[in-house]
Each structure stands twice: as C-alpha cells, then as structure tokens.
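Single-letter residue listing:
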Amino acid sequence: MKINVEFDDKSYALDVPPALLTEAAEFFDKMDADMDCGWQMSRWWVPDPDPLQRCQIAADKLLTAMQNNHTEAALLMCAYILKQKPATKRISINTDGEIQGNEVHDD
C-alpha cells in the first residue's frame, strides 16, 4: 500500500507491505495500551486519544523515524495509521511542534 508522507515541503512515497498490518498486531496493541493511559500532545494532555489523535501521535513518531532514517519504524507508523484509518493515502506532518497539525488524508 502506497502512502505519501509530506513534511518540510517534500513528499516521500512509502510502500507499506499489507502483511505488516497483521504481523505487527502485538506492537500496535502495545501502542494502543500506552495511549490508553493518555498522551501529551504538544502543550495539551489528552486523557483518552481518539482514533484521529492516535494517528496524529503516530505521524509524530513517523516524522522522527524518517528524520533518523529508520525505515522499519517509519513503515510501522504508517501501518499503524492504516490500521486506524484504512483509507489513508497521504499523511501531512506539521514540523512546528504541534502534533494536532498532523493530518491524514484519504485522497
């Protein structure tokens, strides 16, 4: 599954293997369990992130993975986003420190 990741006026095409969505289920369950305890989203504490907020959190982790050339971690974060929002085609990541500015698009 192809996903375009956009940040800093650049676009990167990532190809997420469909099998990763099931193979990483245990990892995704751990991410969800961590987020179930609440999450600091920039300046705000979110006690129970909803599916969109979980995608925004994963997009923030995706940015870090891509900036550090951690391809496997980047693909895992894309797969997590696809698990939450299967129609996702594009992820726009806000690089000014506001996680709430991260967007997932199905176009």
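The structure under discussion appears in the preceding block.
This report concerns the structure included in the present document.

Comments concerning the side chain of His105
And then number 1: Relative to the elements of secondary structure, His105 occurs in strand 6 (residues 103-105).
And then number 2: We classify His105 as buried; its relative accessible area is 18%.
And then number 3: A polar atom in the side chain of His105 sits 3.1 Å from the side chain of Ser92.
And then number 4: Sequence-distant contacts of His105, that is, excluding residues within four places in its chain, are made with Ala87, Thr88, Lys89, Arg90 and Ser92.

A word on helix 3 (residues 51-67)
And then number 1: Compared with an ideal rise of 1.5 Å per residue, which puts 17 residues at 24 Å, helix 3 spans 24 Å between its outermost C-alpha atoms and is within 8% of the ideal.
And then number 2: When helix 3 is considered as a whole, its buried residues turn out to be Arg54, Cys55, Gln56, Ile57, Ala58, Ala59, Leu62, Leu63, Ala65 and Met66.
And then number 3: The opening residue of helix 3 is Asp50, an N-cap whose side-chain oxygen sits 3.1 Å from the backbone nitrogen of Leu52.
And then number 4: Once helix 3 ends, the next one or two residues include Asn69, with phi positive near 60°.

Some remarks on the pattern of salt bridges
And then number 1: Under the criterion given, the structure shown has nine salt bridges.
And then number 2: The shortest N-O distance in the salt bridge between Glu6 and Arg90 comes to 3.2 Å. Placement of the pair is Glu6 in strand 1 (residues 2-7) and Arg90 in strand 5 (residues 90-92), with a sequence separation of 84 residues.
And then number 3: Here Arg54 makes a salt bridge to Asp32, at a shortest N to O gap of 3.1 Å. Highlighted residues: Arg54 in helix 3 and Asp32 in helix 2 (residues 25-36), separated in sequence by 22 residues. Residue Arg54 shares its accessibility class with Asp32, and that shared class is buried.

Observations regarding the sheet that holds strand 5
And then number 1: Spatially, the four strands line up as an open sheet ordered 2-1-5-6, and their pairing is mixed. At either margin of the open sheet sits one strand with a lone partner, and together these are strand 2 (10-15) and strand 6. Each strand axis lies, on average, 20° off the axis of its neighbour in the sheet, ignoring direction.
And then number 2: When strand 1 meets strand 2, the two strands line up antiparallel, connected through six bridges.

Parameters and conventions
- Residues numbered from 1 in each chain as written.
- Predicted model: local features only at pLDDT ≥ 70, side-chain atom pairs only at ≥ 80, totals over all residues.
- Heavy atoms only, no water.
- Helix = DSSP H or I, 4+ residues; strand = E, 2+ residues; numbered from the N terminus.
- Buried < 20%, exposed > 50% of the residue type's maximum accessible area, 1.4 Å probe, protein only.
- Polar contact = N/O pair within 3.5 Å; in protein donor to acceptor, adjacent residues only side chain to side chain.
- Contact = heavy atoms within 4.5 Å.
- Expected span 1.5 Å × (residues − 1).
- Salt bridge = Lys/Arg side-chain N within 4 Å of Asp/Glu carboxyl O.
- Pairing = 2+ DSSP bridges.
- Axes fitted to C-alpha atoms, helices over the stretch in contact; angles between N-to-C directions.

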